[in-house]
Amino acid sequence: MQRRGVFLFIFLAATVVSAQQNRIDAVTPAAPELAAYGPLDIGVRTIQVTDKNRPDILNIKEGGPIVRYDRTLTLEVWYPAALAAGQQPGGEYRVITRDPSVMATLYGKAVRDARLRLGSGEPGSSPSAPYPLVIISHGYPGNRFLMSHIGENLASKGFVTVSIDHKDSTYDDQKAFGSTLYNRPFDQLFVLAEIDRLSKPGSGSFLAGLVDATRAGIIGYSMGGYGVVNVIGGGYSAASATSNGAPPNQMLAERGAANPEYQKSRDPRIKAAIAIGPWGMQGGFWDAEGLKGIRTPVMFVAGSNDETSGYEKGTRAIYQGAINADRYLLTFINANHNAAAPIPAPAETYAYSDALRAYPFSHYADAVWDTARMNNIFDHFATAYFGLYLKGEADKQSYLDLVPNGKDAVYAVDRDGKPTAAHTYWKGFKRSTAVGLMLEHAAPAR
């Protein structure tokens, strides 16, 4: 009996630790101002959408005909909610991890299937429907929960956020890379069009009247960022169509910079974008001419030690090449590829995986930066950025402006504790909490 009691105690203790470690909504005392959750309760629902007659990359042969299929995508939708009297915020997500044989339970603030908050719409009232849309696109592999922290956070501030499970690119459905190379921008654009359709009166969807898809933003991480760069005007280079692993029959040329039809395909509903560690520049998927096509306002986010997408020859090179766009580059100094985007590693991923021959933990974590801190910083800047570009909140510009060497500047110190140089800081950061960050801005050339 005593042994059973000890076992029960250990089990319950482990459960508590797991719950504490698996929160996607942690906002630490050191977090910048806009990382805090907004005034609105959050609902979450899961839906599926199907793009009929999409080219089936995995079944098309070089020199052969175009094979088509119906491509179904699962979406997680977070939205402002009106909780019933006595209903408490919060819920859990049962998710697949980087090791598909290992499940994890995540905890957040959203309530499954909560009632919609449409709002009064009266002048001066808190945000009301229809709300701007933000689409979230994961890496390869990933899933719709990998960036769930920003999905919940923005929903609490009056956005509808829609995170995609990209077929052939999730932890339990990872197929040949050519499918992801071709499908990523098409998935993002299809989801935008489908959410727009479902938001119309008479659609029969809960999204009807809830979303304003003409004020859309998009967030992409890694291969999601690759898709974002192409969606906002970065046409693929000619060389990419015949690169190693590319889809057959030079199908990438369809969204290549040299294709006049691609140049006409920019979707005016997308008013702003964020690309985190976008993959592809080092592999030659863009060149100077292709990057000139980007005109949508865009914020790039990267770790300066990104070994997957590259930094100087990767994300930073894209930022420098997008000369016709108003653009920012937020750099986490010494962070690797996992900068800002992934949720904190679930406790279930700490154990070694024989299937992966690695610790799944490393898929989420960074060796230098604390993940919750990075999430908080990213949520802060994303709130300011989308508030400015999707809601027209002019006051959010001040959170993006550099304030160097001001009276509250953060100073680095030498080994004797003496100040050496002032560190740039930004509105909303507490003293000494902006160390390790760099934010740059460039105006469009024309």
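Residues numbered from 1 in each chain as written. Predicted model: local features only at pLDDT ≥ 70, side-chain atom pairs only at ≥ 80, totals over all residues. Heavy atoms only, no water.

1. Structural notes on the overall build of the chain
Along the backbone of the chain there are 8 helices and 16 strands. Counting contacts in the chain only where the partners sit at least 6 residues apart, residues at least 24 apart contribute 76% of the total. Carbon and sulfur atoms make up 54% of the accessible area of the chain, which totals about 18800 Å². (Helix = DSSP H or I, 4+ residues; strand = E, 2+ residues; numbered from the N terminus. Contact = heavy atoms within 4.5 Å. Areas by Shrake-Rupley, 256 points an atom, 1.4 Å probe, with all protein chains shown as cover.)

2. Some details on the pattern of salt bridges
Any two side chains of opposite charge can pair if their charged atoms end up close together. Taken as a whole and judged by the stated rule, the model has 23 salt bridges. Among the ionic pairs, K264 bridges to E261, the shortest N-O distance being 3.5 Å. Here K264 and E261 have matching classes, each one exposed. Among the ionic pairs, E440 bridges to R316, the shortest N-O distance being 2.6 Å. (Salt bridge = Lys/Arg side-chain N within 4 Å of Asp/Glu carboxyl O. Buried < 20%, exposed > 50% of the residue type's maximum accessible area, 1.4 Å probe, protein only.)

3. Points about the pairing of strand 6 (residues 131–137)
Within a regular strand, side chains alternate between the sheet's two faces. Burial of strand 6 is extensive: 7 of the 7 residues sit out of reach of the surface. Relative to strand 10 (residues 211–221), strand 6 runs parallel, the two being bridged by 7 bridges. Bridge pairing in strand 10 links Y131 to V211. Strand direction decides the pairing type here: strand 6 and strand 7 (residues 160–165), joined by 5 bridges, are parallel. Note on strand 7: the bridge partner recorded for I136 is S163. The parallel pair strand 6 and strand 7 is bridged by helix 2 (residues 148–155), and the resulting crossover is right-handed. (Pairing = 2+ DSSP bridges. Right-handed = clockwise from strand over helix to strand, strands pointing away.)

4. Re the sheet that holds strand 11 (residues 270–276)
The strand order across the open sheet formed by 10 strands is 5-1-2-7-6-10-11-12-13-16, and the pairing between neighbours is mixed. Of all strands in the sheet, those bounded by a partner on one side alone are strand 5 (111–112) and strand 16 (437–442). Lying on the sheet, helix 7 (residues 311–321) is in contact with strand 12 (298–303), strand 13 (327–332) and strand 16; it crosses strand 13 at an angle near 155 degrees. (Axes fitted to C-alpha atoms, helices over the stretch in contact; angles between N-to-C directions.)

5. Some details on the confidence of the model for the chain
Model confidence for the chain is summarised by a mean pLDDT of 91, while 89% of its residues fall at 70 or above. For residues 1–19, every residue scores under 50 in pLDDT, and the model assigns this stretch 3 contacts once sequence neighbours within four places are set aside. Confidence drops under a pLDDT of 50 for residues 121–125, and excluding neighbours within four residues, the segment shows 2 contacts in the predicted structure. (pLDDT = per-residue confidence, 0-100.)

6. Observations regarding empty space enclosed by the protein
Tallied over the full model, the rule gives 3 cavities of 30 Å³ or more. Of the volumes computed, that of the largest cavity is approximately 60 Å³. Residue lining of the largest cavity: R23, I24, D25, A26, Y37, H149, N153, P344, A372, N375, N376 and D379, and that is the complete set. Looking at the lining of the largest cavity, the elements that each hand over two or more residues are helix 2 and helix 8 (371–391). The greatest single-element share of the lining of the largest cavity, amounting to 4 residues, is contributed by helix 8. (1 Å grid on protein atoms, 1.4 Å probe; cavity = no way out; pocket = protein on both sides within 12 Å on 5 of 7 lines; lining within 4 Å. Points joined across faces, edges and corners; volume = space filled by probe spheres on them.)

7. Thoughts on the layout of surface pockets
The space that makes up the largest pocket amounts to roughly 430 Å³. In terms of lining, the largest pocket is formed by 21 residues, of which the most central are Y221, T308, H337, N338 and H363. Of the residues assigned to the lining of the largest pocket, the class counts are 12 nonpolar, 8 polar and 1 charged. By volume, the second largest pocket amounts to about 220 Å³. Around the second largest pocket sit 16 residues that line it, and T74, R144, D165, T170 and D172 are the ones nearest its centre. If you list the elements that add at least two residues to the lining of the second largest pocket, you get strand 2 (68–81) and strand 3 (91–96). (Nonpolar A, V, L, I, M, F, W, Y, C, P; charged D, E, K, R; others polar.)

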